[in-house]
Amino acid sequence: MNDNKQALQVAALRNGTVIDHIPSQSVFTIIRLLGLEHMTNNITIGYNLESEKLGSKGIIKIADKYFCDEEINRIAVIAPNILLNIIKDYQVVEKRKVQLPDELKGIVKCANPQCITNNEPMTTFMLVIDKKKCTLKCHYCEKEQYKGEYTII
Ligand SMILES: [Zn+2]
């Protein structure tokens, strides 16, 4: 099945963004990270769809919404293979892969219980020190945090 046919597993979108190749278990985290529950846009969520690559995947379609890089790159930390399809007039006009940004603010909880961010009401601040391995380092206590071990706030 090619990408275009797969995207059609969920109702067609005239204008907006299709977030594809989401691991099924990450769909609801992404909804939360992007603040989709607060939007009034028409949003379609496909869940546990068949995927050759992932076995099972999710798709989120958001009508009349285009994300800036800063918004969308936040989700790279939980699902680095996500693909964005930008839809205009029912056509995919652009396919964009998400990329891990250089720093993450307020997304990942620091794994060090002694860290000031776990003891004061403040926003966490992680530096991405290895984009391939998704290794993060806390700006405050310098603890390194590895892929698969993060706690998403
Ligand atoms: Zn820390």
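For the structure, see preceding data.
Report on the accompanying structure. (Residues numbered from 1 in each chain as written. Predicted model: local features only at pLDDT ≥ 70, side-chain atom pairs only at ≥ 80, totals over all residues. Heavy atoms only, no water.)

Side note on the overall build of the chain
Helices and strands together make up the secondary structure of the chain, namely three helices and eleven strands. Taken from the N to the C terminus, the helices and strands of the chain come in the order α-β-α-β-β-α-β-β-β-β-β-β-β-β. Against the 2.2 N^0.38 benchmark of 15 Å for 153 residues, the chain shows a C-alpha radius of gyration of 17 Å, consistent with a compact globule. When the backbone C-alpha atoms are referred to their principal axes, the chain occupies close to 50 × 30 × 25 Å. Burial analysis of the chain (153 residues in total) assigns 44% to the buried set. Counting contacts in the chain only where the partners sit at least 6 residues apart, residues at least 24 apart contribute 58% of the total. Accessible surface for the chain amounts to roughly 8800 Å². Of this, 47% is attributable to carbon and sulfur atoms. Between the mean site of the 20 positive side-chain charges and the mean site of the 18 negative ones, the chain shows a separation of 3 Å. (Helix = DSSP H or I, 4+ residues; strand = E, 2+ residues; numbered from the N terminus. Rg over C-alpha atoms; globule rule 2.2 N^0.38 Å. Buried < 20%, exposed > 50% of the residue type's maximum accessible area, 1.4 Å probe, protein only. Contact = heavy atoms within 4.5 Å. Areas by Shrake-Rupley, 256 points an atom, 1.4 Å probe, with all protein chains shown as cover. Lys, Arg positive; Asp, Glu negative; His and termini not counted. Charge placed at Lys NZ, Arg CZ, Asp CG, Glu CD.)

Observations regarding the packing of aromatic side chains
Under the definition given, this model contains one aromatic pair. Measuring from centroid to centroid gives 5.3 Å for Phe 28 and Tyr 47, while their planes differ by 65°, and the two rings are edge-to-face. Within this pair, whereas Phe 28 is found in helix α2 (residues 27-33), its partner Tyr 47 is found in strand β2 (residues 43-51), the two being separated by 19 residues in sequence. The ring centre of Phe 67 lies 5.1 Å from the NZ or CZ of Lys 65, which sits over that ring. A cation over a ring is seen here: Lys 105 above Phe 125, with NZ or CZ 5.0 Å from the ring centre. (Phe/Tyr/Trp six-rings, centres within 6.5 Å; stacked < 30°, edge-to-face > 60°. Lys NZ or Arg CZ within 6 Å of the ring centre and 35° of its normal.)

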